[in-house]
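# Inside the fold
The chain contents come next:
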Amino acid sequence: MSRAKIALIGAGQIGGTLAHLIGLKELGDVVLFDIAEGVPQGKALDIAESSPVDGFDAAFKGANDYAAIAGADVCIVTAGVPRKPGMSRDDLLGINLKVMKAVGEGIKAHAPNAFVICITNPLDAMVWALREFSGLPHEKVCGMAGVLDSARFRYFLAEEFGVSVKDVTAFVLGGHGDTMVPLTRYSTVAGIPLPDLVEMGWTTREKLDAIVQRTRDGGAEIVGLLKTGSAFYAPAASAVAMAEAYLKDQKRVLPCAAHVDGPYGLDGIYVGVPTVIGAGGIEKIVEIKLNKEEQAMLDKSVDAVRGLVAACKSIEPSLA
Ligand code: APR
């Protein structure tokens, strides 16, 4: 059986990290595509030259022409610009929308059967626009945010409790932005929900609230430290987990920005929800019961996403 082909559209910080992780995990052959000449070629060659040391077999190719992504099984999209300090994800909308148009048309022409994972921000609006421009089925186009947001939540919780990150599960709903909804009662340490841990005296409500806020601000915290761009290691690792779930038909339950039409009372909007990812792409949306407070937070988050989608439609008439 031939190896899977994974196209990385955007060969910047996240794109390069994705290529390296995909090589180390032997998930398939990689094509790095970028408009910058030499960058994808240079990164592809550099990573290929590390393969004898780490002992992985995979082909790496850099390209500036969409023809190179032909027949890709998975496309991971990071093309666009990242945030600088003081910018919100939403500030990127105008520039990155134009990029999504070019990328969507490129995927439509050359890789219409791919499973597409968008990372470009503002995530929920960009994945919606990318789906519109590409015309691919909704279940084959999703956005990476929830895995990253819940990984940040899990890391902060593991630090607070002094336990392994492996034993902490966390649940984050909603848009990838300030309105994201970390759900404490569905987040656990070895199956024990966080509210029970407060009762057990492991932590306090105040400390949990501070961790929830730090999770919401997780991206900005990294931007503030890096100053020249945004996070790339954890976003790349998160998207690779999603690609692996698809390629290996793992049926993993992962939160991601998916097209929700029906569940949660939503009518066809891309927003972060728990999903099952397998060979069919987004095979299922897991609908959980929300209490009033959680529903109100989700509604607010959905409203923020709707606002961004409306902004996209006013900038690009073909989307209206
Ligand atoms: N087509 C292809 N590639 C493009 C295009 C385009 N139209 N426009 C820009 N790019 C490329 C740039 O040349 C650059 O190499 O996208 C790459 C983006 O890389 P970085 O600037 O390093 O950004 P990165 O940190 O990888 O983040 C990319 O993901 O998390 C989001 O907010 C982040 O939107 C940003 C994206």
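Residues numbered from 1 in each chain as written. Predicted model: local features only at pLDDT ≥ 70, side-chain atom pairs only at ≥ 80, totals over all residues.

## A few points about unusual backbone geometry
With an omega dihedral of -5°, the bond running from asparagine 121 to proline 122 counts as a cis peptide bond. Tracing the backbone through its elements, the reader meets proline 122 in the loop between strand E5 (115-118) and helix H4 (123-134). The phi angle at alanine 190 is positive, at roughly 45°, despite the residue not being glycine. The class for alanine 190 is exposed, based on 10 C-beta atoms found within 10 Å. (Helix = DSSP H or I, 4+ residues; strand = E, 2+ residues; numbered from the N terminus. Buried ≥ 20, exposed ≤ 12 C-beta atoms within 10 Å, placed from the backbone.)

## Section: the site of the ligand
Around the ligand lies a shell of 28 residues, among which Gly12, Gln13, Ile14, Ala79 and Asn121 are the nearest. Where the shell around the ligand is concerned, the elements lending two or more residues are helix H1 (13-24) and helix H3 (93-110). Of the residues in the shell around the ligand, the class split is 15 nonpolar, 11 polar and two charged. Lining the shell around the ligand are residues from two domains, each supplying at least three of them: domain 1 (5-144) and domain 2 (146-310). (Near = placed C-beta within 6 Å. Nonpolar A, V, L, I, M, F, W, Y, C, P; charged D, E, K, R; others polar. Domains from an automatic or database assignment.)

## Some remarks on helix H5 (residues 146-161)
For H5, built from 16 residues, the straight-helix expectation of 22 Å at 1.5 Å per residue is met to within 8% by its first-to-last C-alpha distance of 22 Å. Within the span of H5, buried status applies to Gly146, Val147, Leu148, Asp149, Ser150, Ala151, Arg152, Phe153, Arg154, Phe156 and Leu157. Immediately downstream of H5, the backbone of glycine 162 shows phi near 65°, a positive value. (Expected span 1.5 Å × (residues − 1).)

## Description of the UniProt feature "binding site: substrate" (unreviewed entry) in the protein
Within the UniProt annotation, "binding site: substrate" (unreviewed entry) is assigned to Arg83, Arg89, Asn121 and Arg152. Along the chain, arginine 89 falls in the loop between strand E4 (74-77) and H3. Residue placement: asparagine 121 occurs in the loop between E5 and H4. Exposure remark for asparagine 121: the 28 C-beta atoms within 10 Å place this residue in the buried category. Apart from residues lying up to four places away in sequence, asparagine 121 is in contact with Arg89, Leu92, Asn96 and Met126. (UniProt positions renumbered as here; feature names shortened; annotations may be inferred. Contact = placed C-beta atoms within 7 Å.)

## Digging into the pairing of strand E2 (residues 29-33)
Burial analysis of E2 places four of its five residues in the buried class, which makes it a mostly covered element. When strand E1 (residues 5-9) meets E2, the two strands line up parallel, connected through five bridges. The residue bridging isoleucine 6 from the neighbouring strand is valine 30, located in E2. For the crossover from E2 across helix H2 (residues 39-54) to strand E3 (residues 60-63), the handedness is right-handed. (Pairing = 2+ DSSP bridges. Right-handed = clockwise from strand over helix to strand, strands pointing away.)

## Observations regarding the pairing of E1
Within E1, five of the five residues are buried, leaving the element largely enclosed by the surrounding structure. Along E1, one buried face is formed by Lys5, Ala7 and Ile9 and the opposite face, lined by Ile6 and Leu8, is buried too. Viewed along the sheet, the connection from E1 through H1 into E2 turns out right-handed. Note that E1 and E4 share four bridges and pair parallel.

## As for the nonpolar core
In summary, soluble globular proteins display a tendency toward joint burial of nonpolar side chains. Judged by nonpolar contacts, the single largest core of 95 residues is most densely connected at Leu8, Cys75, Val77, Val116, Ile117, Leu130 and Met242. Counting contributing residues per domain, this core is built from domain 1 (5-144) and domain 2 (146-310), each supplying no fewer than three. If we ignore the near neighbours within four places in the chain, the residues touching isoleucine 117 are Ile76, Val77, Cys142, Met144, Ala239, Met242 and Ala243. (Core = buried A, V, L, I, M, F, W, Y, C linked by C-beta atoms within 7 Å.)

## Considering the packing of H4 against helix H10 (residues 292-315)
Axes are the key here: two packed helices are described by the angle between their axes and the distance separating the axes. At a closest axis distance of 9 Å, the pairing of H4 and H10 adopts a crossing angle of 45°. With respect to H10, the element H4 is oriented oblique. As H4 runs across H10, the sense of the crossing is right-handed. Counting all contacts with H4, which are made through Asp124, Ala125, Trp128 and Ala129, the residues of H10 involved are Val305, Leu308, Val309 and Cys312. (Axes fitted to C-alpha atoms, helices over the stretch in contact; angles between N-to-C directions. Parallel < 35°, antiparallel > 145°, perpendicular 65-115°, else oblique. Left-handed = near helix turned anticlockwise from the far one by under 90°.)

## Here's the deal with the packing of H5 against helix H7 (residues 205-216)
With their axes 9 Å apart at the nearest point, H5 and H7 run at an angle of 145° to one another. As H5 packs across H7, the resulting crossing turns out to be right-handed. Contacts from Asp149, Arg152, Phe153, Phe156, Leu157 and Glu160 of H5 reach H7 at Lys207, Ile211, Arg214 and Thr215. Residue composition of the contact of H5 with H7, by class: four nonpolar, one polar and five charged.

## Regarding the domain arrangement of the protein
The domain architecture assigned to the protein consists of domain 1 (5-144) and domain 2 (146-310). Measuring from the centre of the C-alpha atoms in domain 1 to the corresponding centre in domain 2 gives 22 Å. With 34 residues of domain 1 in contact, the opposing surface of domain 2 contributes 35 residues. Secondary-structure elements contributing two or more residues to the side of domain 1 that touches domain 2 are H1, E4, E5, H4 and strand E6 (141-143). When the residues that make up the side of domain 1 that touches domain 2 are grouped by side-chain class, the tally is 21 nonpolar, five polar and eight charged.

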